[in-house]
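# Fold and geometry: a report
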Amino acid sequence: MGRRLRCVFIFGLLILVLAACGSSAGSKTEEAAPTPTVSTEPEATPMLEPTPELGFTAPLTGLKRETEAAARPVAVMINNLKPARPQSGLTNADVVWEVLAEGGITRLVAIFQSTDAVNDAIGPIRSIRPYLIDIGESYGAILAHSGASNDGYDILQHQNKPYLDEISNAGPYFWRSKDRKAPHNLYSELAKLRAGAEKKGYKSDVTVPTYPFAEEGSTASGEAAASIEIKFLLKDYKVSYAYDEASGVYKRSINDEPHTDLNNGEQLTAVNVVVLGANHKTLDDYGRLSVDLHAGGSALLFQKGKVVECEWIRSNDNMVRLMKDGAELAFIPGKTFFHVVPNTPTFAEHVIYG
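The structure contained in this document is the topic of the report that follows. Within each chain, residue numbers correspond to sequence positions counted from 1 in written order. Given that the model is predicted, a residue must reach a pLDDT of at least 70 before its local features are reported, and side-chain atom pairs must reach 80 or more before they are shown or counted; all residues, however, enter totals for whole chains, interfaces and linings. Excluding hydrogens and water, the side-chain figures rest on all heavy atoms present in the structure.

Moving on: the nonpolar core. Grouped together as the largest cluster of nonpolar side chains are 83 residues, with contacts concentrated most on Val76, Trp97, Tyr139, Leu276, Phe302, Leu322 and Phe338. Beyond its immediate chain neighbours, meaning those up to four positions away, Phe302 contacts Ala225, Ile228, Tyr250, Val271, Asn272, Val273, Val275, Val307, Val351 and Tyr353. What makes a nonpolar core is a set of buried Ala, Val, Leu, Ile, Met, Phe, Trp, Tyr and Cys residues whose side-chain atoms join them at distances within 4.5 Å. Relative accessibility thresholds used throughout: buried, under 20% of the residue-type maximum; exposed, over 50%; partly exposed, between the two (1.4 Å probe, protein chains only). When checking whether two residues touch, look at their non-hydrogen atoms; a contact exists if any pair is within 4.5 Å.

Stacked, edge-to-face and tilted labels apply to pairs of Phe, Tyr and Trp rings (six-membered ring for Trp) whose centres lie within 6.5 Å, assigned for plane angles under 30 degrees, over 60, and everything in between, in that order. What the rule picks out here adds up to 9 aromatic pairs. Both rings, one in Phe302 and one in Tyr353, keep their centres 5.5 Å apart while their planes meet at 75°; by these two values the pair is edge-to-face. In this pair, Phe302 sits in strand β19 (residues 297-303) while Tyr353 sits in strand β24 (residues 351-353), placing the two residues 51 residues apart along the sequence. Of the residues examined, Phe302 reaches a relative accessible area of 0% and is grouped as buried. Given the relative accessible area of 27%, Tyr353 is considered partly exposed. Secondary structure follows DSSP: runs of H or I at least 4 residues long count as helices, runs of E at least 2 residues long count as strands, and numbering of each begins at the N terminus.

In this section: the pattern of salt bridges. Salt bridges are defined by distance alone: a side-chain nitrogen of Lys or Arg within 4 Å of a carboxyl oxygen of Asp or Glu. This model, assessed by the stated rule, comprises 9 salt bridges. Asp116 serves as the salt-bridge partner of Arg65, at 3.5 Å between the closest nitrogen and oxygen. Within this pair, whereas Arg65 is found in strand β2 (residues 64-65), its partner Asp116 is found in the loop between β5 (106-112) and α2 (130-138), the two being separated by 51 residues in sequence. Here Arg65 falls in the buried class, since its relative accessible area comes to 13%. Judged by its relative accessible area of 61%, Asp116 is exposed.

This paragraph deals with the pairing of strand β16 (residues 272-278). Counting buried positions over the 7 residues of β16 gives 7, a clear majority of the element. Residues Asn272, Val274, Leu276 and Ala278 of β16 are buried on one face, and the alternating residues Val273, Val275 and Gly277, pointing to the opposite face, are buried as well. Pairing of β16 with β19 involves 4 bridges; the strand directions are antiparallel. Looking at the pairing, Val273 lines up with Phe302 of β19. The criterion for strand pairing is that DSSP finds at least two bridges linking the strands in question.

Trans peptide bonds make up most of the peptide bonds, and negative phi angles are found at most residues other than glycine. Cis geometry is adopted by the peptide bond preceding Pro183, which originates at Ala182 and carries an omega value of 5°. Take Pro183: it is sitting in the loop between β8 (175-176) and β9 (186-187). A cis amide bond links Thr344 to the next residue, Pro345, at an omega of -10°. Following the sequence through the fold, Pro345 ends up in the loop between β23 (336-342) and β24. Notably, Asn160 is not glycine yet its phi reads approximately 55°, a positive angle. With a relative accessible area of 71%, Asn160 lands in the exposed category.

Side chains of residues three or four places apart in an α-helix project in the same direction, reflecting 3.6 residues per turn. Within helix α4 (residues 190-199), the full set of buried residues consists of Leu190, Leu193, Gly196 and Ala197. Buried residues of α4 fall within an arc of 125° about the axis and therefore sit on the same side. Summarising the geometry of α4, the exposed residues directed more than 90 degrees from the buried face are Glu198 and Lys199. Looking at the residues trailing α4, positive phi occurs at Gly201, about 80°. This arc describes the spread of directions from the helix axis toward the C-beta atoms.

Laid out in structure tokens, this is it:
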């Protein structure tokens with residue numbers, strides 16, 4: 001009996017051991033889920049369009065450009081009577097001159113050279129005088145106007161000047177607006193005027209004159225001049241400028257009202273405001289004038305809310321330039337407004353600033 005019991009015991013024990021081994025072999029330990037790998041590679045930065053390199057400088061404004069400003073300047077005679085204001089296109093001009101015409105009012109000579117806005121209206125356009133020819137010619141410009149004084153026509157027609165006159169030789173390149181009454185409604189645009197100049201065979205590859213430019217300007221040591229008032233002849237015709245420190249420009253007004261551009265509603269501004277004294281002479285009963293723009297004389301340069309006294313000369317390249325202590329004064333890059341006032345009674349009586 002004892003032997004049989006031992007055999008049964010041993011047999012049972014073997015069954016238990018085999019069962020345990022089978023259970024162990026049949027149960028597989030679950031493998032741990034792999035830990036997500038965090039990439040240490042930096043995210044790709046989106047490619048930005050490269051900023052165009054401004055490798056060119058406009059000769060009459062000193063402003064940087066992507067392309068060269070090589071077009072021949074165009075000088076347009078702009079009506080400045082009250083019925084002609086606000087005029088169109090003056091915010092596109094590189095330089096604007098303001099000079100007396102007969103009757104005590106002024107005429108504007110707008111010099112266009114570097115603007116790309118060739119299809120914007122310019123005007124109203126009026127007649128030309130010898131000293132206005134002189135201003136345009138100093139820039140080597142095509143002259144655009146409507147009519148001229150007798151001596152003006154004599155110069156244009158007998159000295160082979162490059163001119164586009166709505167009355168005598170270039171009518172198709174101008175148009176009349178229905179929004180204003182004649183003669184304050186004559187307009188053109190640069191694209192038309194340059195097409196007219198090409199049609200007439202006027203040279204396009206001229207050397208464009210340039211001014212010296214410096215970001216700091218030339219008035220650091222000057223007197224304060226945040227406001228400017230310029231008097232021509234008529235007491236009710238007052239030109240003024242107010243310096244805006246935030247933008248660094250002088251804002252132009254006439255009779256204390258902002259002088260704006262009809263094309264865009266913007267007030268006319270300049271970073272350089274110049275006043276020149278010149279000898280004026282009345283020629284006839286109509287009040288036509290002779291203005292001497294060659295003799296030189298007193299001048300004021302306004303920049304950054306300050307003013308320096310200087311003198312103007314007509315240089316060897318035919319440009320009017322500002323001098324002080326034998327050196328030419330630099331303009332700040334941007335637009336420049338010149339104003340020519342009489343030397344009588346005195347130059348100083350025509351300009352008030354502070």
